[in-house]
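Now for the letters of each chain:
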Amino acid sequence: MSKRTRTSKVEKWIKEGRGSGIGADYKPWLNIQDVSSLGRSTRLKGIKTKRQHEFLSDLERNYFYLIEYSDFVIDIREQFPLLPLEETIVIADELGLKHPTDPKTNEPVVMTTDFLLTVEKGNGLVELARTIKMKDELLKQRVIEKFEIERVYWERRQIDWGIVTELEIPKEMARNISYIHDYYDIQKYEAFQNVNRQHIEDLAMALLQRILCESKSIRVGKISLTVFPKKWFLYKNPYVII
């Protein structure tokens, strides 16, 4: 592939709006059909953004459930591109590192950060960049080299960047949120469309009281509900989550 062809592909995706927009208008740089993932790729409709999200692994999906649950996260942009491409190429050169390339063509590719979050921390909105990776992957030299390019990119924009591993993502919490995620607005289901909203809220509170007073799981013997406060994952580790 020539440099002109490579540039044309990047320009084509930019013209399509990939990597731009906020909220419902954001378009991820990568869609699940664009890459081969070692994990299970997933698409989910976001509650906060009202759009379809693209996740390349179970770990990314589980992290998404946590930030959907947080009142502090305002917007979620996944597969965010580190553009312009020339900038990360220069950073890699300055660091004496090899820039990521397409294995088939050996041409430089646009790097991405798994999540760019807009967060309200009490003194206005800030953006946080978060990369999701299994802890064992952090033992690989090449993985760390790529992360160093990514870290410098965000540092130059004065945006906080950090790594999140499976150790910082409570699996039970993510699983519990996944069970209720599709039922966030229960009135979109036909059986509840004619039910008064106040009645639904009263039923929800009654169910919550039963859950908190019972020692049994919601599905006895199958699922153990773990109740975490929403702020649990916000300040546990300065390098992860938000």
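Since the model is a prediction, treat every value here as computed from it, not as a measurement.

Rules behind the numbers
- Residues numbered from 1 in each chain as written.
- Predicted model: local features only at pLDDT ≥ 70, side-chain atom pairs only at ≥ 80, totals over all residues.
- Heavy atoms only, no water.
- Axes fitted to C-alpha atoms, helices over the stretch in contact; angles between N-to-C directions.
- Helix = DSSP H or I, 4+ residues; strand = E, 2+ residues; numbered from the N terminus.
- Parallel < 35°, antiparallel > 145°, perpendicular 65-115°, else oblique.
- Contact = heavy atoms within 4.5 Å.
- Nonpolar A, V, L, I, M, F, W, Y, C, P; charged D, E, K, R; others polar.
- Buried < 20%, exposed > 50% of the residue type's maximum accessible area, 1.4 Å probe, protein only.
- Phe/Tyr/Trp six-rings, centres within 6.5 Å; stacked < 30°, edge-to-face > 60°.
- Lys NZ or Arg CZ within 6 Å of the ring centre and 35° of its normal.
- Polar contact = N/O pair within 3.5 Å; in protein donor to acceptor, adjacent residues only side chain to side chain.

K.L.:
Sorry, what's going on with the packing of helix α2 (residues 58-69) against helix α5 (residues 171-181) here?
P.N.:
Helix-helix packing is characterised by the crossing angle of the two axes and by the distance between the axes. For the pair α2 and α5, interaxial distance at closest approach is 9 Å and the crossing angle is 70°. The orientation of α2 relative to α5 falls into the category roughly perpendicular. Across the interface between the two elements, N62, F64, Y65, L66, E68 and Y69 from α2 touch M173, A174, I177, S178 and H181 from α5. A per-class count over the contact of α2 with α5 returns seven nonpolar, three polar and one charged.

K.L.:
Hey, could you run me through unusual backbone geometry in this one?
P.N.:
Excluding glycine, a negative phi dihedral is what most residues carry, and trans is how most peptide bonds are arranged. Put simply, L83 and P84 share a cis peptide bond, and its omega is 0°. Within the fold, P84 resides in the loop between β3 (73-81) and α3 (85-95). Positioned with a positive phi, N106 is a non-glycine residue whose angle comes to about 65°. Here N106 is to be found in the loop between α3 and β4 (112-120). Its relative accessible area of 53% is what places N106 among the exposed residues.

K.L.:
Mind showing me how you'd approach the packing of aromatic side chains here?
P.N.:
The geometry of two aromatic rings is summed up by the distance between their centres and the angle between their planes. Within this structure, the stated rule accounts for nine aromatic pairs. Ring centres of W13 and W29 lie 5.3 Å apart, and the angle between their planes is 70°; on these two criteria the pair is classed as edge-to-face. One end of the pair, W13, is in helix α1 (residues 3-15); the other, W29, is in the loop between α1 and β1 (42-45), with 16 residues separating them in the sequence. Judged by relative accessible area, W29 falls into the buried class, the value being 3%. An aromatic cluster of three or more residues is present, and its members are F55, Y63, F64, Y65 and F115. One cation-aromatic arrangement involves R18 over W13; the distance from NZ or CZ to the ring centre is 3.9 Å.

K.L.:
Quick question: what am I supposed to make of the environment of R77 here?
P.N.:
The residue R77 is located in strand β3 in this model. In this structure R77 comes out as buried when scored by relative accessible area, which is 7%. Non-local contacts of R77, meaning those with residues more than four positions away in its chain, are made with G21, I22, Y26, R51, D114, F115, L116, T118 and E127. Reaching out from R77, the side chain makes a polar contact with the side chain of T118 at a distance of 3.5 Å. There is a polar contact of 2.7 Å between the side chain of R77 and the side chain of E127.

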